[in-house]
Protein chains: 2
Amino acid sequence: MLKDAKHIFKLDPAKEITDEDLEKIAESDTDMILVGGTDNVTEDNVLNALSRVRRFSKSVALEVTNKDAVMPGFDHYFIPSVFNTSNIRWQHGLMLEALREYSHLIDYEDISMLPYIIMNEDSKAFEKAEAKPVTADELPHYIDMIDKLYKAEYVYIEYSGMYGDPEMMDIVSQHTDNTHVIYGGGISSKEQAKEMSQYADTIVVGNIIHEDVKRALRTIIK
Amino acid sequence: MLKDAKHIFKLDPAKEITDEDLEKIAESDTDMILVGGTDNVTEDNVLNALSRVRRFSKSVALEVTNKDAVMPGFDHYFIPSVFNTSNIRWQHGLMLEALREYSHLIDYEDISMLPYIIMNEDSKAFEKAEAKPVTADELPHYIDMIDKLYKAEYVYIEYSGMYGDPEMMDIVSQHTDNTHVIYGGGISSKEQAKEMSQYADTIVVGNIIHEDVKRALRTIIK
């Protein structure tokens with residue numbers, strides 16, 4: 001489902017959104033709603049987000065960042081794996097913990113691993129995932145490794161709250177032969193959506209939906 | 001090439017083998033010779049192993065454990081990635097270092113990542129790779145993760161010098177849908193080769209070729 005998505009709205013379950021705004025998001029031409037965030041993702045607010053979005057026909061996926069906030073009812077589940085971490089826990093330690101707990105419930109058709117490179121060194125995600133900075137010199141090696149050695153289905157370039165560097169995204173684009181590239185971070189205009197869509201197969205638009213839904217809707221460029 | 005191999009002889013470049021024994025190995029019905037070891041793998045002894053084996057027509061691959069002992073001339077290169085490590089360096093830190101150094105020389109058609117689970121807790125490989133013990137309870141989760149989340153081409157179950165536990169290999173076999181299973185460790189008889197071939201797509205026979213070549217040849221069961 002992610003392979004066919006050009007545009008995704010990411011709904012942070014810890015942030016507020018009015019029913020009116022949520023309806024605009026869910027009835028827009030976006031391809032998917034991804035529920036996920038870095039902080040304060042709880043069983044309660046994920047369930048709340050799910051039940052509010054489920055009234056619409058849009059596909060809804062969960063980005064699993066807290067194994068205690070996983071529940072049935074989503075169309076798909078993405079398990080983040082941070083490839084520029086310094087601690088194996090954020091590469092797949094948490095994934096193994098989740099499998100220990102939920103393996104009897106899992107239908108692997110419904111879940112995918114989502115390799116991340118977290119670029120914004122000032123973000124909470126970067127700090128939480130004990131990430132290492134990835135320079136323009138190192139980025140090609142990370143991408144070659146993910147695309148041609150891991151042969152991963154996806155790579156998510158996460159600028160987390162900050163609009164990214166098009167030159168870095170150009171490197172990502174040039175070094176991926178088969179891996180599907182997802183871009184996320186700071187998109188809040190049609191121009192930015194267009195720019196990042198040159199390099200990424202999917203763009204993810206997050207924060208702005210909680211701040212200015214009209215501007216958020218303008219990022220759907222197809 | 002590994003996908004079609006049922007039997008592999010692993011030649012440790014740091015260990016001795018006579019020309020006569022090497023000829024028997026190289027002219028046997030084994031599918032491939034894999035050059036690799038844990039300790040004292042150097043540019044000199046890898047080059048020596050390569051030039052001696054290259055006189056025969058058998059396929060020869062290199063398991064890259066020391067980035068300073070990599071050279072052209074092998075049919076394929078396998079880059080180990082230890083999935084039960086506690087230190088990301090052995091998952092892909094070394095891989096990134098190698099890419100930094102050799103990316104301009106690499107043809108990705110010729111190299112594959114080889115995910116390892118190191119089982120023998122008393123082995124040098126286990127110690128060197130800062131591996132964590134994998135119990136019978138945890139093994140299914142590791143294998144499910146490698147097979148269904150990483151969707152890796154290969155998984156190498158490494159008992160490193162010790163004959164493995166068939167019950168553990170049965171778990172591996174039952175939890176792999178698409179990943180090609182390689183077994184290595186302690187095989188020194190036809191019976192052991194047969195037993196592990198029930199669970200693994202490829203068996204690797206190592207130490208015994210340096211100790212008793214006649215017994216080594218009997219492990220080729222096809």
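It should be noted that the structure appears before, not after, this text.
Residues numbered from 1 in each chain as written. Chains lettered and ligands numbered in written order. Predicted model: local features only at pLDDT ≥ 70, side-chain atom pairs only at ≥ 80, totals over all residues. Heavy atoms only, no water.

## What to know about the packing of helix 5 (residues 139-149) of chain B against helix 6 (residues 166-174) of chain B
Residue and element names in this part refer to chain B. Formally: With axes taken as lines fitted to C-alpha atoms, and helix axes fitted only over the stretch in contact, angles between N-to-C directions fall between 0 and 180 degrees. Secondary structure counts use DSSP, requiring at least four H or I residues in a row for a helix and at least two E residues in a row for a strand, with both numbered from the N terminus. For any helix crossing, the convention is left-handed if the near helix is rotated counterclockwise from the far helix by under a right angle, and right-handed if that rotation is clockwise. By definition in these notes, contact holds between two residues if any of their heavy atoms fall within 4.5 Å. Three classes are used, and their members are as follows: Ala, Val, Leu, Ile, Met, Phe, Trp, Tyr, Cys and Pro are nonpolar, Asp, Glu, Lys and Arg are charged, and the others, Gly among them, are polar.
For the pair helix 5 and helix 6, interaxial distance at closest approach is 9 Å and the crossing angle is 35°. Considering only the axes of helix 5 and helix 6, their crossing is right-handed. Listed contacts from helix 6 to Leu139, Pro140 and Ile143 of helix 5 are Met168, Ile171 and Val172. Tallied by class, residues from the contact of helix 5 with helix 6 come to 6 nonpolar, no polar and no charged.

## Looking at the relation of the copies chain A and chain B
Condition: Overlaid copies result from least-squares superposition on C-alpha atoms, with residues included only where pLDDT is at least 70 in both.
The operation relating chain A to chain B is a screw motion whose rotation component is 180°, with 0.0 Å of axial translation and a residual RMSD of 0.0 Å. These values place the two chain copies in the arrangement generated by a two-fold rotation axis. Taking C-alpha positions as reference, the residue of chain A nearest the rotation axis is Ile88 of chain A, located at 2.6 Å. Take the interface residues of chain A: 100% of them recur as interface residues in chain B, which is what a same-surface contact looks like.

## Here's the deal with the side chain of His210 of chain B
Residue and element names in this part refer to chain B. Operational definition: Note on exposure labels: buried denotes an accessible area under 20% of the residue type's maximum, exposed denotes more than 50%, and partly exposed covers the range between, all computed with a 1.4 Å probe on protein chains only. Residues adjacent in sequence count toward polar contacts only when both atoms are side-chain atoms; beyond that, a polar contact is any pair of N or O atoms within 3.5 Å, and within protein one must be able to donate a hydrogen and the other to accept it.
Inspection of the secondary structure puts His210 in helix 8 (residues 208-211). For His210, a relative accessible area of 19% corresponds to the buried category. A distance of 3.0 Å separates a polar atom in the side chain of His210 from the backbone oxygen of Glu16. Filtering out sequence-adjacent residues up to four positions away, His210 remains in contact with Lys10, Leu11, Asp12, Lys15, Glu16 and Ile17.

## Thoughts on the interface of chain A and chain B
The line we're drawing: Using a 1.4 Å probe, buried area is obtained as the accessible area two parts lose upon being combined, added over both of them. Salt bridges are counted wherever a side-chain nitrogen of Lys or Arg sits within 4 Å of a carboxyl oxygen of Asp or Glu.
With 27 residues of chain A in contact, the opposing surface of chain B contributes 27 residues. Here chain A packs against chain B, burying approximately 2700 Å² in sum over the two surfaces, 68% of which is carbon and sulfur. Run the count over chain A and chain B and you get 4 salt bridges. Its salt-bridge partner being Glu138 of chain A, residue Arg100 of chain B comes within 3.1 Å of it at the nearest N-O pair. Taken together, the connections running from chain A to chain B amount to 10 residue pairs in polar contact (both at pLDDT 80 or more). Sorting the residues of the side of chain A that touches chain B by element identifies helix 3 (88-102), strand 5 (111-118) and helix 5 (139-149) of chain A as the ones contributing at least two each.

## Examining the sheet that holds strand 1 (residues 7-11) of chain A
Residues and elements named next belong to chain A. How we decide: Two strands pair if DSSP finds at least two bridges between them.
Spatial strand order, 1-2-3-4-5-6-7-8: 8 strands in a closed barrel with parallel pairing. Going from strand to strand, the sheet's axes swing by 30° on average, the running direction of each strand aside. Both strand 1 and strand 2 (residues 32-35) contribute to a ladder of 4 bridges, which runs parallel. By the bridge assignment for strand 2, Ile8 is matched with Met32. Contacts from helix 3 reach strand 4 (76-82) and strand 5, with the element oriented near 135° to strand 4.

## Some details on the pairing of strand 1 of chain A
Residues and elements named next belong to chain A. Quick note on the threshold: Call a crossover right-handed when, viewed with both strands pointing away from you, the route from the first strand across the helix to the second goes clockwise.
Burial of strand 1 is extensive: 5 of the 5 residues sit out of reach of the surface. Here strand 1 shows two buried faces, one formed by His7, Phe9 and Leu11 and the other by Ile8 and Lys10. Where strand 1 lies against strand 8 (residues 202-205), 3 bridges are found, and the strand directions are parallel. Residue pairing for strand 8: His7 is matched across the bridge by Ile203. For the crossover that starts at strand 1, traverses helix 1 (residues 19-26) and ends in the parallel strand 2, the hand is right-handed.

## So, the pattern of salt bridges
All names here are of chain B. Evaluated as defined, the whole model comprises 30 salt bridges over all chains. Lys10 is the salt-bridge partner of Glu63, the closest N and O atoms lying 3.2 Å from each other. Linking Glu63 in strand 3 (residues 60-63) with Lys10 in strand 1 (residues 7-11), this pair joins segments that are 53 residues apart in sequence. We note that Glu63, like Lys10, is buried. Of the charged contacts, one joins Glu20 and Lys24 as a salt bridge, the two residues approaching to 3.8 Å between their closest N and O atoms. Here Glu20 and its partner Lys24 are both found in helix 1 (residues 19-26), 4 residues apart, which amounts to about one turn of the helix. A residue is classified by how much of its surface remains accessible, and Lys24, at 34% relative accessible area, is partly exposed.

## Considerations on the environment of Val213 of chain A
Residue and element names in this part refer to chain A. With respect to the helices, strands and loops of the structure, Val213 is situated in helix 9 (residues 213-217). The sequence separation of Val213 and Trp90 amounts to 123 residues, and the corresponding C-alpha distance is 32 Å. Among all residues touching Val213, those that are not within four sequence positions of it are Asp21, Lys24, Ile25 and Ile208.

## Quick word on the nonpolar core
Just so we agree on the cut-off: Remark: nonpolar core denotes a set of buried residues (Ala, Val, Leu, Ile, Met, Phe, Trp, Tyr, Cys) joined through side-chain atoms within 4.5 Å.
If you look at the biggest cluster of nonpolar residues, it comprises 122 residues, and the most contacted ones within it are Ile117 and Ile157 of chain A together with Ile117 and Ile157 of chain B. Setting aside residues up to four positions removed in sequence, Ile157 of chain B forms contacts with Ile117, Met119, Ile143, Met169, Val172, Val181, Ile182, Tyr183 and Gly184 of chain B.

## Focus: the sheet that holds strand 4 (residues 76-82) of chain B
Residues and elements named next belong to chain B. With parallel pairing, the 8 strands of this closed barrel are ordered in space as 1-2-3-4-5-6-7-8. Sheet twist, expressed as the average angle between the axes of neighbouring strands with direction ignored, equals 30°. The sheet contact formed by strand 2 (residues 32-35) and strand 3 spans 3 bridges and is parallel. Residue Leu34 lies in a different strand from strand 3, and its bridge partner there is Ala61.

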